[in-house]
Protein chains: 2
Amino acid sequence: MSDAPNDGFRDDEDGLDLERGDLTQVLKAVEAQDAQRVFELFDPLHPADIADILEQIGAETRRALVHLYGTEFDGDILSELDENIRDEVVGYLRPEVLAEAVRDMDSDDVVDLLEDLDESQHSAILDALEAPDRDAARQALSYPEYSAGRLMQREFVAVPEDWTVGQTIDMMRTAEDLPDQFYHVFLVTPQNLPTGYVTLGRLLSSKRETALLSILEDSFRSFDLDEEEGDVAYAFNQYHLISAPVVDTDGRLVGVITIDDAMAVLDEEHEEDMLRMAGAGEGSLSDGVIETTWQRLPWLGVNLLTAIIASLVIAIFETTIETLVALAVLMPIVASMGGNAGTQSMAVAVRGLATRDLTGANVWRVIRRETVVGFLNGMIFAVVMGAVGYVWFGSLMLAGVIAAAMVINLVVAGLSGIGLPALLDRLGVDPALASGTFVTTVTDVVGFFAFLGLATILLL
Amino acid sequence: MSDAPNDGFRDDEDGLDLERGDLTQVLKAVEAQDAQRVFELFDPLHPADIADILEQIGAETRRALVHLYGTEFDGDILSELDENIRDEVVGYLRPEVLAEAVRDMDSDDVVDLLEDLDESQHSAILDALEAPDRDAARQALSYPEYSAGRLMQREFVAVPEDWTVGQTIDMMRTAEDLPDQFYHVFLVTPQNLPTGYVTLGRLLSSKRETALLSILEDSFRSFDLDEEEGDVAYAFNQYHLISAPVVDTDGRLVGVITIDDAMAVLDEEHEEDMLRMAGAGEGSLSDGVIETTWQRLPWLGVNLLTAIIASLVIAIFETTIETLVALAVLMPIVASMGGNAGTQSMAVAVRGLATRDLTGANVWRVIRRETVVGFLNGMIFAVVMGAVGYVWFGSLMLAGVIAAAMVINLVVAGLSGIGLPALLDRLGVDPALASGTFVTTVTDVVGFFAFLGLATILLL
């Protein structure tokens, strides 16, 4: 990134190289208890970068660093921190620093902070707020988790719908509590029902006497308080929204959601999908050992069960294997190829469902495609693996058996890789939970059964 | 979503239910060759939704639908289409419709369209543009793929840095070619070097005589033309940018990147990570059978090789298995548990590297954590599987062997799940390419070797 002279982010030479994750300077300053040096290092940084540094160092260093940084610690850094670390850091802050930090924050960031904290820490935060902000925060917490009500901020600009551009500009020039960032002016009826919005660009480029109603944007969508945040984020992404109003059950304007909130939700959903597909729960890099062990345990437990099922299939054919031990050598290949092909199809399905590109309208076409692709790749690898098997064990029949099992398993892999997530989605379960585990169970069971079954019939 | 009266997106009752992917009405209209009905159905829809519909129907219906929609087909729909489908649809459009559509588009969308199309279709697009736009598009295509230069649009608002708010507003009221959407006014020197920016909100809320320099935003970052789009998107996400200037090698302002471009890049990167981790290449739901088969083939090939390696490990212990066939039954369990644990660690690593939360500063702490977590879960499942093994086969020694192998394999899984992606990243290779395949190779090989090796030593 090229940084202009007045850039606030430059990592200077004896400062930090954030891109390479080199925090030596910070660690030195902490070790030397050198608060002055910490100020020097942090001064040019964006709060998001300071938060990253706090996340990447160990807990003891973090505690010492927060103490050294003292009263400079502000609400922006707190907003940027990962929730585990934030919980911890809030505990390190002196009450007056915490109070000052919280008063600085936008209403949506305060709510975000509160919802992650233990109840016991709530009063410290709420007491720091002025009465109206405190009531607003309590109100926001009464909305369902992951709803538009939790996501929105209460700071927005709304004007009567019969105003002109000039009236609006005059109001804004005298208003004292405009939001830090805003992109639209909302038009409301006397009952506070939003009826449209004007972009600031249109406002600036129109004459003073222009009626706002004549420069409204064509399209306008609002969200309900209890709308799911995932649906909100989807709409922002799909319709390229920058900000959108939130209305209560009577249709009255109560808040606004901005693009950065929507981006944060999309980011979390991507993370969730990726970790769930891998059966890794909701883990984060800053979780501790015990927490992480517990997060991973349930899916490993499910995997143990499904692996035992696959073993039971093998056990059926124990005598076959005893007669021809080459089967034990080759059987994991069939299972592994099926698992890999199934995972490929599954990733496409989970992604398509998350972006809502895979719907009732095309699911059958995609299932058909995946099955045919499985068949074609099955044929290709049947030939390859048949040849390898023949060279290795010198048996044409054995080569034929592994080739046939390969085709069967890759067809089933394509079918289940797309079918299982689609089915879960239809049942209202997050398709990412179909994860590797279920798909590979199917391909393991089918792979072992097809290979060992065919071998029993044809080779003994 | 609650839709206000003048909403442009409502799916009415005899219209479409896009959320459920019910396109029956569209299919009926196409079958009846009823252009009027198509207009009715599409009229209330956002171009992004029309693009989704085109993506979800079959190729023949798509061709018929594009013909029916005729001259209504515009540049916005074209911009929203997935690149495969766009390629196809461009071929269906009459030259004059295509020309009209392209003239409507922002410069970054034209470039996006051109870069995906075959060279042979370029001239049709370029000829449609007016000379300056054509030169601009050619210029943009000369920048490296996936660079800031390709991503930026050339429409922006810049004013001399010594202007006042009043001068800026007066200019905007008379300017004829303001961008459709813009969020900042950039300040430039007489040499066209950007020195800062003012948000439209600040502009609107300041008095006419205010100097722009006195209401500059604190921080300001610009991007170089050849900066990678991934770095641009990261900065937008990390620093909550809405728009940012792009400068040439002399530091002159040449374009602007907006948040929607950055969001699109992030979205693509998430998709890439997910598909790469699963070894599914760069596939999309709209790819054909042959294309998809080829995309999947390389990773299946790699997987075949690695599966054969695992088989060679088993082959070493053929005589052991011949003596005790229970080993063949149990060995996939050890391998499967290792594969699952390794995939969990890997997903956390790939995600952490993508979001730049996993860096040199904390990689050793995370590797240590994953190894300890592997050990703890290994111990837990060693006890469980040891008990299952004892009950199943009645041998305490066999139970001890599978328990020991489980601990070894889960420790290795934790280590390689985080270590392999981190190593690839250090080597400058996309860590998502570490994918299931490599990690599970390690856990398969280690699992089979530990289990069968211990069995050979202890049980024979």
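Residues numbered from 1 in each chain as written. Chains lettered and ligands numbered in written order. Predicted model: local features only at pLDDT ≥ 70, side-chain atom pairs only at ≥ 80, totals over all residues. Heavy atoms only, no water.

Engineer: Please explain the overall build of chain A as it appears in this structure.
Structural biologist: A count of helical and extended segments in chain A gives 21 helices and 6 strands. For 460 residues, the compact-globule estimate of 2.2 N^0.38 gives 23 Å, and the C-alpha radius of gyration of chain A, at 29 Å, exceeds that figure by more than 25%. Counting across all 460 residues of chain A, residues that qualify as buried make up 57%. Here the analysis covers contacts within chain A between residues at least 6 apart in sequence; of these, 66% occur between residues at least 24 apart. Just so you have it, chain A exposes about 18,800 Å², and 53% of that area is on carbon and sulfur atoms. (Helix = DSSP H or I, 4+ residues; strand = E, 2+ residues; numbered from the N terminus. Rg over C-alpha atoms; globule rule 2.2 N^0.38 Å. Buried < 20%, exposed > 50% of the residue type's maximum accessible area, 1.4 Å probe, protein only. Contact = heavy atoms within 4.5 Å. Areas by Shrake-Rupley, 256 points an atom, 1.4 Å probe, with all protein chains shown as cover.)

Engineer: It is not clear to me how empty space enclosed by the protein should be interpreted in this structure. Could you clarify?
Structural biologist: Rolled over the atoms, a probe with the dimensions of a water molecule shows which regions are left empty. One pass over the structure, following the stated rule, counts 12 cavities of 30 Å³ or more. Of the voids in this model, the largest cavity is the one considered here, and its volume is about 830 Å³. Taken together, 41 residues make up the lining of the largest cavity; nearest its centre are G339(A), T343(A), T440(A), G339(B) and T440(B). Among the elements of the structure, α16 (289–316), α18 (326–354) and α21 (435–459) of chain A together with α16 (289–316), α18 (326–354) and α21 (435–459) of chain B are those that each provide at least two residues to the lining of the largest cavity. Its boundaries defined by the atoms lining it, the second largest cavity holds a volume of some 70 Å³. Every residue lining the second largest cavity is listed: N237(A), M263(A), L266(A), D267(A), H270(A), N237(B), M263(B), L266(B), D267(B) and H270(B). Within the residue set of the lining of the second largest cavity, elements represented by two or more residues are α15 (259–277) of chain A together with α15 (259–277) of chain B. For the lining of the second largest cavity, the residue count by class is 4 nonpolar, 4 polar and 2 charged. (1 Å grid on protein atoms, 1.4 Å probe; cavity = no way out; pocket = protein on both sides within 12 Å on 5 of 7 lines; lining within 4 Å. Points joined across faces, edges and corners; volume = space filled by probe spheres on them. Nonpolar A, V, L, I, M, F, W, Y, C, P; charged D, E, K, R; others polar.)

Engineer: Help me understand the confidence of the model for chain A, please; the structure alone is not making it clear to me.
Structural biologist: In low-pLDDT regions, the fine details of the predicted coordinates are not to be read closely. Predicted confidence across chain A gives a mean pLDDT of 89, with 95% of residues reaching 70 or more. Here residues 1–13 of chain A is modelled with pLDDT under 50, and outside its nearest four sequence neighbours on either side it reaches 34 contacts, counting other chains as well. (pLDDT = per-residue confidence, 0-100.)

Engineer: What is the right way to read the UniProt feature "domain: CBS" (unreviewed entry) in chain A from this model?
Structural biologist: Residues and elements named next belong to chain A. Here the UniProt-annotated "domain: CBS" (unreviewed entry) positions come out as residues 152–213 and 215–272. Spanning residues 152–213, this segment combines 26% helix with 23% strand, and its end C-alpha atoms are found 25 Å apart. Helix makes up 43% of residues 215–272 and strand 22%. Its end C-alpha atoms lie 41 Å apart. (UniProt positions renumbered as here; feature names shortened; annotations may be inferred.)

Engineer: I tried to follow the interface of chain B and chain A on my own but got confused; where do I start?
Structural biologist: Interface size is commonly expressed as the accessible area that is lost once the parts come together. The partner chain A presents 139 residues to the 139 residues of chain B that form the contact. Carbon and sulfur atoms make up 62% of the area that chain B and chain A hide from each other, which totals about 11,900 Å². With a shortest N-O distance of 2.8 Å, E271(B) and R351(A) are connected by a salt bridge. The tally of links between chain B and chain A comes to 48 residue pairs in polar contact (both at pLDDT 80 or more). Of the residues forming the side of chain B that touches chain A, the biggest block, 19 residues, is contributed by α18(B). Grouping the constituent residues of the side of chain B that touches chain A by class yields 72 nonpolar, 38 polar and 29 charged. (Buried area = accessible area lost by both parts, 1.4 Å probe. Salt bridge = Lys/Arg side-chain N within 4 Å of Asp/Glu carboxyl O. Polar contact = N/O pair within 3.5 Å; in protein donor to acceptor, adjacent residues only side chain to side chain.)

Engineer: Explanation requested: a negative patch on the surface in the structure shown.
Structural biologist: All names here are of chain A. On the surface, E83, E228, E268 and E269 cluster together into a negatively charged patch. Take E228: it is sitting in the loop between β4 (223–224) and α14 (229–239). For E228, a relative accessible area of 53% corresponds to the exposed category. (Patch = residues over 30% accessible without salt bridge, like charges linked within 9 Å, V, L, I, M, F, W, Y side chains within 5 Å. Lys, Arg positive; Asp, Glu negative; His and termini not counted. Charge placed at Lys NZ, Arg CZ, Asp CG, Glu CD.)

Engineer: What is the right way to look at the packing of aromatic side chains in this model?
Structural biologist: Applying the stated criterion to the full structure yields 17 aromatic pairs over all chains. Here F42(A) and Y69(A) contribute two aromatic rings whose centre-to-centre distance is 5.1 Å and whose plane-to-plane angle is 75°, an arrangement assigned as edge-to-face. With F42(A) in helix α2 (residues 35–42) and Y69(A) in helix α4 (residues 59–69), the pair connects residues that are 27 residues apart, well separated along the chain. For the pair F42(A) and Y69(A), a shared accessibility class is recorded, and that class is buried. With a centroid separation of 5.9 Å and an interplanar angle of 50°, the aromatic rings of F39(B) and Y69(B) are classed as tilted. Residue F39(B) is found in helix α2 (residues 35–42), and its partner Y69(B) is found in helix α4 (residues 59–69); the two are separated by 30 residues along the sequence. The exposure class of F39(B) is partly exposed, given its relative accessible area of 27%. Among the aromatic residues, those joined into a cluster by ring pairs are F39(A), F42(A) and Y69(A). Lying across the ring of Y234(A), R356(A) places its NZ or CZ 4.1 Å from the centre. (Phe/Tyr/Trp six-rings, centres within 6.5 Å; stacked < 30°, edge-to-face > 60°. Lys NZ or Arg CZ within 6 Å of the ring centre and 35° of its normal.)

Engineer: Can you walk me through the sheet that holds strand β1 (residues 158–160) of chain A in this structure?
Structural biologist: Paired through backbone hydrogen bonds, the strands of a sheet run either parallel or antiparallel to each other. All names here are of chain A. Across the sheet, 3 strands lie side by side as β1-β2-β3; this open sheet has mixed pairing. Strands at the two margins of the open sheet, each flanked by one partner only, are β1 and β3 (194–199). Averaged over all neighbouring strand pairs, the angle between strand axes comes to 35°, with direction disregarded. In the sheet, strand β2 (residues 184–188) pairs with β3 via 5 bridges, with the strands oriented antiparallel. Residue pairing in the sheet places F186 in a bridge with Y197 of β3. (Pairing = 2+ DSSP bridges. Axes fitted to C-alpha atoms, helices over the stretch in contact; angles between N-to-C directions.)

Engineer: How do you make sense of the UniProt feature "transmembrane region" (unreviewed entry) in chain A when you look at a structure like this?
Structural biologist: Residue and element names in this part refer to chain A. Following the UniProt record, the feature "transmembrane region" (unreviewed entry) maps to residues 297–317, 323–350, 371–393, 399–424 and 436–459 here. The annotated region residues 297–317 carries 95% helix and 0% strand content, and the separation between its end C-alpha atoms amounts to 31 Å. Helix makes up 93% of residues 323–350 and strand 0%. Its end C-alpha atoms lie 42 Å apart.

Engineer: Please clarify how the domain arrangement of chain A should be interpreted in this entry.
Structural biologist: Assigned domains within chain A: domain 1 (18–142), domain 2 (158–277) and domain 3 (289–459). Each of domain 1 of chain A and domain 3 of chain A was reduced to a C-alpha centroid, and the two centroids are 47 Å apart. (Domains from an automatic or database assignment.)

Engineer: Whenever I open this one, the relation of the copies chain B and chain A confuses me. Can you help?
Structural biologist: For the pair of chain copies, the relating operation is a rotation around an axis with a shift along it. Once turned by 180° and shifted 0.0 Å along the axis, chain B lies on chain A with an RMSD of 0.0 Å. Viewed as a symmetry operation, the transformation between the two copies matches a two-fold axis. Comparing interface residues between copies, 99% of those in chain B also lie at the interface in chain A; the contact surface is shared. (Least-squares fit on C-alpha atoms with pLDDT ≥ 70 in both.)

Engineer: Is there a simple way to explain helix α6 (residues 83–92) of chain A in this structure?
Structural biologist: Each α-helix winds once per 3.6 residues, and so residues spaced three or four apart point in a common direction. Residues and elements named next belong to chain A. Those residues of α6 lying buried are I85, R86, V89, V90 and Y92. One side of α6 holds all its buried residues, which, seen down the axis, span an arc of 150°. Elements in contact with the buried residues of α6: α3 (47–56), α4, α5 (75–80), α7 (95–104), α8 (107–116) and α9 (119–128). (Arc of directions from axis to C-beta.)

Engineer: Whenever I open this one, α4(A) confuses me. Can you help?
Structural biologist: All names here are of chain A. Of all the positions in α4, only R62, L65, V66, L68 and Y69 are classed as buried. Seen from one end, α4 has its buried residues packed into an arc of 160°, which puts them on one side. Buried-residue contacts for α4 involve α1 (24–31), α2, α3, α5 and α6. Immediately downstream of α4, the backbone of G70 shows phi near 50°, a positive value.

Engineer: Got a minute to help me understand the pairing of strand β6 (residues 253–258) of chain B in this structure?
Structural biologist: Side chains on a regular strand alternate between the two faces of the sheet. All names here are of chain B. Counting buried residues in β6 gives 6 out of 6 residues, a clear majority hidden from the surface. Taken together, the 5 bridges between strand β5 (residues 243–247) and β6 define a ladder with antiparallel strand orientation. The residue of β6 that forms the bridge with V247 is L253. Counting the residues that bridge the hairpin from β5 to β6 gives 5 residues, and of these G251 lies at a positive phi of roughly 85°.

Engineer: How should the environment of L98(A) be read in this particular structure?
Structural biologist: Within the secondary structure layout, L98(A) lies in helix α7. Taking the C-alpha atoms as reference points, L98(A) and S214(A), 116 residues apart in sequence, are found 46 Å from one another.

Engineer: Just checking my understanding: could you explain the packing of α1(A) against α4(A) for this structure?
Structural biologist: The geometry of a pair of packed helices is captured by two quantities: the angle between their axes and the separation between those axes. Residue and element names in this part refer to chain A. Interaxial distance between α1 and α4 falls to 10 Å at its minimum, and their mutual angle equals 75°. By the angle between their axes, α1 is roughly perpendicular relative to α4. Between α1 and α4, the contacting residues are V26, L27, A29 and V30 on the first element and T61, A64, L65 and L68 on the second. Considering only residue class, the contact of α1 with α4 consists of 7 nonpolar, 1 polar and no charged. (Parallel < 35°, antiparallel > 145°, perpendicular 65-115°, else oblique.)

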